[in-house]
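Working through the structure, step by step
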Amino acid sequence: MAVTELVVVPSTPSDDPGPGPRVDRSTRPASRLGRVVGSILLVAFALALLVPFFWMVLSSFKNPNEVFSVPVRLWPETWHWEHYVELWTDTGMATWLRNTIFLSTVVTFLQVLTGSFAAYGFAKVRFPGRDVLFLLYLGTIAVPWQSYMIPQYIMLAQFRLTNTLLAIIVLQAFGAFGVFLMKQYFESIPEELSEAARIDGLNEYSIWARIMLPLSTPALASLALLTFVNTWNDYLGPLLYLRSKENWTVQLGLKNFVANNLEADYAMLFTGLTISVIPIAVIFLLGQRFFVEGIATSGLKG
Amino acid sequence: MTSAVADGIGTPSPRRRSKLVLRNTLLGWSFILPNFIGFALITLVPVVSLFYVSLTDYNVFGKGEFIGFENFQKLVADPLFHRSFINTLYFAVLHVPLTIVVSLGLALLLNTKLRGVAFFRTAAFFPYITSIVAIALVWNLLFSPDFGPINQFLRFLGIENPPGWLTSQDWAMPAIVIISTWRDMGYYMILFLAGLQTVPRELYEAARVDGANALQRFWNVTLPGIRPTMFLVTVLLTIASLKIFDLIIVLSPGGTQAPNQATVVLSQFIYQKGFIESKFGYASAGAVALFLVCIIATVVQFLINKKRSA
């Protein structure tokens, strides 16, 4: 499959050689014009991307009926911090956040652990049927989850897992993505290292734990980040499986803000939205480097 | 390969070899098994049993009777299924090319040495890591017909009757395409960016020496150079578009906000029939349709790609 055709490409900002001595295009008038047009386009893009977020955060501080003022005002007239307190005390937000953090952490841990373990088998051990098995893993990427969610639900209901957090863990923890990403990375680690370790008497499991894992920090970090974000943001899984309110995740709680109040308190809704986005934004900014690299190398998940 | 042969001295005897194969098989499976058990139970078994469930009248109360192709006959005659099938294709046909053009454009822009490119790369990615629920809710309000900022802006520009967006039959789907493209472009931009960096710089220099202008360089160097990436992006985008669910279910629950089920899609049909109306068997027949559409789209794209690279 073509997925494997993408190889490791450094695309992080720090890898840019910078405006070095390579080609000095700025001396040519045509490219100076291009530069101006390019910059304008970039700024326009950035505005289109970020203004909805600014609007969301600023609206959370507004008076509820100020959210839809005509003409539209971006900045709140007076700052209402109390929405944040109310949200915390009057809704299940604290519980939903705790559930979401719990699910994301456990799923990430399992995905990274079992994914990288299996990837070692696929990348470094040769045995008959290996490639067919891996193709089976890859093939499931073309099958949308929505098409098999019903038989899956019937099965998990028979195991009495509906309306438990365990259902979401089982659902998310064994994806093909982690295996694929880690396999790609392990294959780039030279075989000589493992050979040397074998001569020193290490068995294959120790090679995985003591050589492969430490050398794969970027891939492990990007897999962890991607899994965490995906579990945090998942909506359909919790919608199907988590029926009672104390099991809800942040996403279900947010949706409920609108579904249940016909006269929704929009300022409150924006407060909830902001709270749901902030943790993921912080994690993303911290791990942004790996994130971008991980996606560029694998090109998977969508 | 070397590691396997290195154990034997000279040519390994057949017995020794088969012992080695057995050892490696056990070793390989011991690594794969913890993940495979979960993967098989949660993914493989349901995918296979989908076809059986679609031939039964399974409901929430228990075992379903085998009823042959009855579900499919009903499906063919179901107007809601027709709507969702057509809407799904409509969404994909708008969304896939638009997202490719926008994210490739963004990637080309960010592949230059403009000031602040690093910041924009991060910014472009921001919508993608935000949950679809949050995005749907924010954009629902941005698009709100009378007081929403977008229509206020359009009126400011002199458009007297801006569209009702999500409440309008004609504009609901385009609005969803806009939101979806806005969210996805950062992700596909990163893929294109990675692809662009594999195109050898010498080719651009050579083209420049031959007098090719920027557009010609794009057509004759960039596009052929990123063909593998283009293939990958198209496949991933198509599957993602065909299975769209979250955005639509949050924006238009039950397909009700826009009149005449203007936004109902296949995943929503499956959800509605299965989890709201408890008709697991019938919903699975719809799921088989979604499954087949995705597989056919992938195989067709694969064949086209193969033919072109030959």
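The structure presented is a predicted model; accordingly, all values stated were derived computationally and were not measured.

What counts as what
- Residues numbered from 1 in each chain as written.
- Chains lettered and ligands numbered in written order.
- Predicted model: local features only at pLDDT ≥ 70, side-chain atom pairs only at ≥ 80, totals over all residues.
- Heavy atoms only, no water.
- Helix = DSSP H or I, 4+ residues; strand = E, 2+ residues; numbered from the N terminus.
- Rg over C-alpha atoms; globule rule 2.2 N^0.38 Å.
- Buried < 20%, exposed > 50% of the residue type's maximum accessible area, 1.4 Å probe, protein only.
- Contact = heavy atoms within 4.5 Å.
- Areas by Shrake-Rupley, 256 points an atom, 1.4 Å probe, with all protein chains shown as cover.
- Lys, Arg positive; Asp, Glu negative; His and termini not counted.
- Charge placed at Lys NZ, Arg CZ, Asp CG, Glu CD.
- pLDDT = per-residue confidence, 0-100.
- Patch = residues over 30% accessible without salt bridge, like charges linked within 9 Å, V, L, I, M, F, W, Y side chains within 5 Å.
- Salt bridge = Lys/Arg side-chain N within 4 Å of Asp/Glu carboxyl O.
- Phe/Tyr/Trp six-rings, centres within 6.5 Å; stacked < 30°, edge-to-face > 60°.
- Lys NZ or Arg CZ within 6 Å of the ring centre and 35° of its normal.
- UniProt positions renumbered as here; feature names shortened; annotations may be inferred.
- Domains from an automatic or database assignment.
- Buried area = accessible area lost by both parts, 1.4 Å probe.
- Polar contact = N/O pair within 3.5 Å; in protein donor to acceptor, adjacent residues only side chain to side chain.
- Nonpolar A, V, L, I, M, F, W, Y, C, P; charged D, E, K, R; others polar.
- Axes fitted to C-alpha atoms, helices over the stretch in contact; angles between N-to-C directions.
- Parallel < 35°, antiparallel > 145°, perpendicular 65-115°, else oblique.
- Left-handed = near helix turned anticlockwise from the far one by under 90°.

**So, the overall build of chain B**
Tallying secondary structure elements over chain B gives 14 helices and zero strands in all. Secondary structure of chain B in N-to-C order comes out as α-α-α-α-α-α-α-α-α-α-α-α-α-α. Radius of gyration (C-alpha) of chain B: 25 Å, far over the 19 Å computed for a compact globule of 310 residues. The buried share of chain B, reckoned over its 310 residues, is 55%. A fraction of 67% describes how many contacts in chain B between residues 6 or more apart in sequence connect residues 24 or more apart. Carbon and sulfur atoms provide 67% of the accessible area of chain B, an area that totals close to 14300 Å². Charge-centre separation for chain B: the mean point of 23 positive side chains lies 14 Å from the mean point of 14 negative side chains.

**Brief notes about the confidence of the model for chain A**
Looking at chain A, pLDDT values average 82 and 84% of them are 70 or higher. Segment residues 1-29 of chain A: pLDDT under 50, and 46 contacts once partners within four positions in sequence are set aside and those in other chains are kept.

**A few points about a negative patch on the surface**
All names here are of chain A. On the surface, E82, E86, D90 and D265 cluster together to form a negatively charged patch. Along the polypeptide, D265 turns up in the loop between α12 (250-260) and α13 (266-298). D265 sits in the partly exposed class, given a relative accessible area of 31%.

**Examining the packing of aromatic side chains**
This structure, assessed with the given rule, holds 48 aromatic pairs over all chains. With a centroid separation of 5.5 Å and 75 degrees between ring planes, the pair formed by F122(A) and Y137(A) is classed as edge-to-face. You can see F122(A) sitting in helix α3 (residues 93-124) and its partner Y137(A) sitting in helix α4 (residues 130-139), a full 15 residues away along the chain. Y137(A) shares its class with F122(A); the two are buried. One Lys or Arg, K183(A), reaches over the ring of F134(A) and ends 4.2 Å from the middle of that ring. Over the ring of Y282(B) we find K74(B); its NZ or CZ atom is 4.4 Å from the centre of that ring.

**Overview of the UniProt feature "transmembrane region" (unreviewed entry) in chain A**
Residues and elements named next belong to chain A. Within the UniProt annotation, "transmembrane region" (unreviewed entry) is assigned to residues 36-58, 101-122, 134-154, 166-186, 207-229 and 266-286. For residues 101-122, the helix share is 100%, the strand share is 0%, and the end-to-end C-alpha distance is 31 Å. Strand forms 0% of residues 266-286 and helix 100%; the C-alpha atoms that close the span are 30 Å apart.

**Describing the domain arrangement of chain A**
Residues and elements named next belong to chain A. Domain boundaries in chain A define domain 1 (32-80) and domain 2 (92-297). For domain 1 versus domain 2, the distance between C-alpha centres works out to 32 Å. Considering only the surface of domain 1 that becomes buried against domain 2, M56, S60 and P64 emerge as the three largest contributors, covering 57% of it. At the boundary of domain 1 with domain 2, the tally comes to zero salt bridges. Our count for the contact surface shared by domain 1 and domain 2 stands at zero residue pairs in polar contact (both at pLDDT 80 or more). When its residues are assigned to classes, the side of domain 1 that touches domain 2 shows six nonpolar, three polar and one charged.

**A few points about the environment of R115(B)**
Following the sequence through the fold, R115(B) ends up in the loop between α4 (79-110) and α5 (117-129). For the pair R115(B) and R308(B), spaced 193 residues apart in sequence, the C-alpha separation works out to 37 Å. Not counting the four nearest positions on each side in its chain, R115(B) is found in contact with L42(A) and F120(B).

**Observations concerning the packing of helix α6 (residues 132-142) of chain B against helix α8 (residues 172-196) of chain B**
All names here are of chain B. The geometry of α6 relative to α8 is characterised by a closest axis approach of 11 Å and an angle of 135 degrees between their N-to-C directions. On the basis of their axis angle, the class for α6 and α8 is oblique. Here α6 runs over α8; the crossing is right-handed. Side by side, α6 and α8 meet where I132, I135 and W139 of the first sit next to I179, W182 and R183 of the second. Along the lines of polarity and charge, the residues of the contact of α6 with α8 split into five nonpolar, no polar and one charged.

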